[in-house]
Amino acid sequence: MKQLINSNRQIRQQLLAGLAYTYNDKLNWQTKTGIVTKKSITDNKVVLISGGGCGHEPAHVGYIGENMLDCAIMGAIFEPPASAEILQAIEQTYNGCGTLLIIKNFEKDLASFLEAERLAIAKGLSVAHVIVDDDCSIESGTFKKRRRGVAGTVFVHKILGAAASEGKSLDELQALGEQVIPLIKTLGVAFSPASPIGIIPQQYELAEDEMYFGIGIHGEPGYRIETMQSSERIAIELVNKLKQQYDRKTLKQAAVLVNGLGGLPLLELGIFMNDVQQLLDIEDIEVVYKRMGNFLTAYNTNGLSLTLLTIKEEKWLEYLNAPTDAFGWK
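How each quantity is defined
Counting starts from 1 at the beginning of each chain's written sequence and moves along it residue by residue. A pLDDT threshold of at least 70 governs which residues receive local features in this predicted model, and a stricter bar of 80 or more applies before side-chain atom pairs are shown or counted, although totals over entire chains, interfaces and linings include all residues. Values reported for side chains reflect all heavy atoms of the structure, with hydrogen atoms and water molecules removed beforehand. Helix and strand definitions here come from DSSP, where helices need a minimum of 4 consecutive H or I residues and strands a minimum of 2 consecutive E residues; each element is numbered from the N-terminal end. By definition, residues are in contact when any of their heavy atoms lie within 4.5 Å. Note on pairing: two strands pair once DSSP finds at least 2 bridges between them. Lines fitted to C-alpha atoms define the axes, with helix axes restricted to the stretch in contact, and inter-axis angles between N-to-C directions lie between 0 and 180 degrees. Pairs of cysteine sulfur atoms within 2.5 Å are identified as disulfides in what follows.

Enquirer: Even after reading the chapter, I still don't get the side chain of N67, so can you show me in this structure?
Expert: Structurally, N67 is set in the loop between strand 3 (47-54) and strand 4 (71-77). Those residues in contact with N67 that lie beyond four places of it in its chain are H157, K158, G161, A162, S165, A322 and P323.

Enquirer: Please clarify how the environment of K158 should be interpreted in this entry.
Expert: Counting through the fold element by element, K158 comes out in helix 4 (residues 153-165). For the pair K158 and K330, spaced 172 residues apart in sequence, the C-alpha to C-alpha distance is 12 Å. In this structure K158 touches N67, M68, Y319, L320, A322, T324 and W329, once residues within four positions along its chain are discounted.

Enquirer: Honestly, the sheet that holds strand 6 (residues 127-132) in this entry has me stumped. Any pointers?
Expert: The pairing of strands in a sheet happens through backbone hydrogen bonds and is either parallel or antiparallel. Judged by pairing direction, the sheet is mixed, and its 6 strands sit side by side in the order 1-2-4-3-5-6 without closing on themselves. Edge positions in the open sheet fall to strand 1 (27-29) and strand 6, since each of these has one partner strand only. Between one strand axis and the next, the sheet turns through 25° on average, direction left out of account. Strand contacts of helix 5 (residues 170-180): strand 3, strand 5 (99-104) and strand 6, with the helix running at about 10° to strand 6, the strand carrying the most contacts.

Enquirer: I keep staring at the state of the cysteines and nothing clicks. Help me out?
Expert: Two cysteines whose sulfur atoms are joined by a covalent bond form what is called a disulfide. The full count for this structure, using the stated rule, is 0 disulfides. Looking at the unpaired C97, the closest cysteine sulfur is the one in C71, lying at 16 Å.

Enquirer: In this structure, what is going on with the sheet that holds strand 8 (residues 210-213)? I would like to understand it.
Expert: Strands sit in the order 9-8-7-12-10-11 across an open sheet of 6 strands; the sheet is mixed. Across the chains shown, the open sheet's two edge strands, defined by having one partner strand only, are strand 9 (224-227) and strand 11 (286-293). The mean inter-strand angle of the sheet, taken between neighbouring strand axes irrespective of direction, is 20°. As paired elements, strand 7 (residues 184-192) and strand 8 share 2 bridges and run antiparallel to each other. Considered in strand 8, the bridge of A190 is made with Y212. Across the face of the sheet, helix 4 comes into contact with strand 7, strand 10 (253-260), strand 11 and strand 12 (302-310) while running at roughly 125° to strand 10.

Structure below.
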């Protein structure tokens, strides 16, 4: 694959320089780091911080804005930021109201963010976290769920971000996150693997007529390779598997996210969304909120993911609909 990259060692810095230049009315970037913040951090609300590796654009910097994140820390391609940078971000944005870390459930991400939290608490700062584990993929050959943090993370950014702007305390935000996260379910499918970039190799092969269910956002293999099917057939597989994750009595109203993984045209995402909508109508599941586009990608993967969130409280819908100027929330 042709790549518009100058230097593998400078990917993070050059990416953030480009984003900070483009959105300089919204973002402050601390050069030579992966730390990006809102233009100004207010002193009357809990600070929300998230982050992860490059290669998931517009995540995570794209979700800095009103009613969303206050800060994102970016690591190298598919690698979380170092705990030292996360601690630096916590200290520099701290306003006395507390800091909530939104962490995706990957071993390296947990290690970096939780170590930073531990060090910040040791310095007397009030810091808590929630862990997003929406991926319903299973390990190949087993029934063990992987529980990775994937595209559903953006729903967490939006709901908790709006709740923080409303003035909820650190404890209240953590409790809200722990209510919302178990009700978010995601599954992905790839039609070609994530392109190798930097030192990250391609992790699996697919023939021209094959697709892979259950792939990860770092190019990880999934749980089943099949011959390529129609959008309708893929929608049936993903909707049925996600539906099974819920008590059917609770899945009455849902938020839906059709997320492109970086290499799929909007034309095909639109066709897939139409198929999902028809299936949910048949199931008598009312879709009260929906979004479609590239929200949390896997560097140029030709594929998509589907996320469902059952809306348990009307307030959650208000938080999803709260306006934001975050450039990734289009």
